[in-house]
Amino acid sequence: MQVELQLFATLRKYAPDQPLDKGLVMNVEPPLTVSILLEKAGVPLDKVKIIMVNNRHAGFDQELAAGDRVAAFPPVAGG
Amino acid sequence: MTERYARQLNLPHWTPETQQHLAAARVLVVGAGGLGSAVLPYLVAAGIGLTGIVEDDRVDLTNLQRQVLYDTQDIGVPKAEAASRRLAALNPDVEIRSHRTRLEPGNAAAILAGYDLVVDCTDNSAARELLNRTCLNLEKPWIHAAVSEYFGQVTTLLPGGPCWQCLSGTGAPADPPPAGILGPVAGLIGSVQATEALKQLTGTGRLLVERLLVWDALLPGWAEFSYRRNPDCWACGRG
């Protein structure tokens, strides 16, 4: 199934080919969770602070369905 | 007074009473760096009666690329002092109060108790955890923001709603090493914070409550995400 992964801020370095205007489109077999998706994309889970699925707050264990859009954010500390 | 605020007084929903409400308001800005450089002048210019600044750092040459509140001649001067001088010149009709200290567990409650609203312009998660805990205890609203590289995020937290830990509780990575920050990104996100502060104080419009607004300057674009109170949150829930 196809899902979209959008990496923000310093997480972008794990997907240098991510288009600027949208996320990475990934074809992954179900069952699929956020953490499995991030691992398949090469994103270390310990670098991820906030996860959103379809613009709603989610966790690593959330199961994903075809067409879901996952956004991942690192800890952002600067001020 | 009326002439200084004429462009605000011409706003829809903004009456002389609104302006008087601002004149009676007390806002604490924690951190006077990149975010604070935008937040502070806009709040003081808008006529907030008392603006507090918590900052123990001194102005450094590397600050000036984004901390536009300061001049080159301020290098080495305590930021709280330089900021107060600049802000008093911007609007001598309001009070500026410097707290030349770090926010710490031993002083946070005493400092925050004197204010109606807190604006998070800090630069580390430990300070934000302390702000979150103290604002929960004192039932203070606060406006969180953080920036890194080309990216910034902002949300408004009200008593009874989700707390910062509800949003940030997923995983617990340590703070990243200091990253580069494009100066205007801090200014942009700080401007959103100042807007939220003025809206919260005046009851104007809809706040960024239960919503995380992010700006990615590389796209460029805004995105909005929703979040809820976590009943199992260790800070505001069952733990």
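In the block above lies the structure referred to throughout.
Residues numbered from 1 in each chain as written. Chains lettered and ligands numbered in written order. Predicted model: local features only at pLDDT ≥ 70, side-chain atom pairs only at ≥ 80, totals over all residues. Heavy atoms only, no water.

**Notes on the overall build of chain B**
Rules: Secondary structure elements are taken from DSSP: a helix is a run of H or I of four residues or more, a strand is a run of E of two residues or more, and numbering for both begins at the N terminus. Exposure categories follow from relative accessible area, calculated using a 1.4 Å probe and restricted to protein chains: below 20% of the type maximum is buried, above 50% is exposed, and the middle band is partly exposed. Every residue pair with non-hydrogen atoms within 4.5 Å of one another is taken to be in contact. Only the protein chains shown count as covering a residue, and every accessible area follows the Shrake-Rupley method with a 1.4 Å probe. Note that His is not counted, nor are the chain ends; the positive residues are Lys and Arg, and the negative ones are Asp and Glu. Where a charge sits is defined by one atom per residue type, namely NZ (Lys), CZ (Arg), CG (Asp) or CD (Glu).
On a plain count of helices and strands, chain B comes out with eight helices and eight strands. When the backbone C-alpha atoms are referred to their principal axes, chain B occupies close to 50 × 40 × 40 Å. Every one of the 239 residues in chain B was classed for burial, and the buried ones make up 53%. Restricting to contacts in chain B with at least 6 residues of sequence separation, those with at least 24 account for 64%. With an accessible surface of roughly 10,500 Å², chain B has 52% of that area assigned to carbon and sulfur atoms. Of the side-chain charges in chain B, 20 are positive and 24 negative, and the distance between the mean point of each set is 3 Å.

**A short note on a nonpolar patch on the surface**
Rules: Patch criteria: residues need more than 30% relative accessible area and no salt bridge. Like-charged residues are merged within 9 Å; nonpolar side chains of Val, Leu, Ile, Met, Phe, Trp and Tyr are merged within 5 Å. Each salt bridge in this description consists of a side-chain nitrogen of Lys or Arg and a carboxyl oxygen of Asp or Glu lying within 4 Å of one another.
Nonpolar side chains collect at one region of the surface, where A:Leu20, B:Tyr150, B:Leu182 and B:Leu218 lie side by side and expose about 330 Å² of accessible area between them. Inspection of the secondary structure assignment puts B:Leu182 in the loop between α7 (164–168) and α8 (183–202).

**Details of the interface of chain A and chain B**
Selection rule: Take the accessible area each of two parts loses on contact, using a 1.4 Å probe, and add the two losses: that sum is the buried area. The definition of a polar contact used here is a pair of N or O atoms within 3.5 Å, where within protein one atom must be able to donate a hydrogen and the other to accept one, and adjacent residues in sequence count solely through side-chain atom pairs. By the convention adopted, Pro, Cys, Tyr, Trp, Phe, Met, Ile, Leu, Val and Ala count as nonpolar, Lys, Arg, Asp and Glu as charged, and the other residues, Gly among them, as polar.
With 26 residues of chain A at the contact, the number on the chain B side is 36 residues. Interface area for chain A against chain B, summed over the two sides, is near 2,500 Å², with a carbon-plus-sulfur share of 61%. The three residues of chain A that bury the most area against chain B are A:Lys49, A:Val76 and A:Gly79, which together make up 25% of that side's buried surface. Remark: the boundary between chain A and chain B carries one salt bridge. Its salt-bridge partner being A:Arg12, residue B:Asp216 comes within 2.7 Å of it at the nearest N-O pair. Counting across the chain A and chain B interface gives ten residue pairs in polar contact (both at pLDDT 80 or more). Elements supplying a minimum of two residues to the side of chain A that touches chain B: β3 (50–53), β4 (56–58) and β5 (69–73) of chain A. Each residue belonging to the side of chain A that touches chain B can be placed in one class, and the counts come to 14 nonpolar, six polar and six charged.

**Examining the environment of B:Ser125**
All names here are of chain B. Relative to the assigned elements, Ser125 resides in helix α6 (residues 125–138). Each C-alpha atom of the pair Ser125 and Asp175 lies 6.6 Å from the other, and the pair is 50 residues apart in sequence. If we skip the residues at most four places from it in the chain, Ser125 touches Trp164 and Asp175.

**A word on the pattern of salt bridges**
Residue and element names in this part refer to chain B. Going through the model one piece at a time under the given rule, you end up with eleven salt bridges over all chains. The closest approach of N and O atoms between Asp93 and Arg4, which form a salt bridge, is 3.4 Å. Taken together, the positions of Asp93 in the loop between α4 (79–90) and β3 (95–99) and Arg4 in the segment before α1 (6–9) put the pair 89 residues apart, joining distant regions of the chain. When its relative accessible area of 54% is taken as the criterion, Asp93 is described as exposed. Measuring nitrogen to oxygen at the nearest pair gives 3.9 Å for the salt bridge that ties Asp56 to Arg102.

**Describing the environment of B:Ala82**
Residues and elements named next belong to chain B. As for its placement among the helices and strands, Ala82 is situated in helix α4. Spatially, the C-alpha atoms of Ala82 and Asp71 are 8.8 Å apart, while their sequence positions differ by eleven residues. Non-local contacts of Ala82, meaning those with residues more than four positions away in its chain, are made with Val59, Tyr70, Asp74 and Val77.

**Quick notes on the nonpolar core**
The criterion, for reference: Throughout this description, the term nonpolar core refers to a set of buried Ala, Val, Leu, Ile, Met, Phe, Trp, Tyr and Cys residues connected via side-chain atoms within 4.5 Å.
By size, the foremost hydrophobic cluster in this structure holds 44 residues, and its most contacted members are B:Leu43, B:Ile48, B:Tyr70, B:Leu87, B:Val119, B:Val154 and B:Ile189. Of all the secondary-structure elements, those providing two or more residues to this core are β1 (26–30), α3 (34–46), α4, β4 (117–120), β5 (142–148), α8 and β7 (211–216) of chain B. The dominant element in this core, judged by the number of residues it contributes, is α8(B), at eight residues. Excluding residues within four positions of it along the chain, B:Val154 makes contact with B:Ile143, B:His144, B:Ala145, B:Ile189, B:Val192, B:Gln193, B:Leu208, B:Arg211, B:Leu212 and B:Leu213. Counting 30 residues, the second largest nonpolar core, distinct from the first, contains A:Ala9, A:Ala71, B:Leu112 and B:Leu130.

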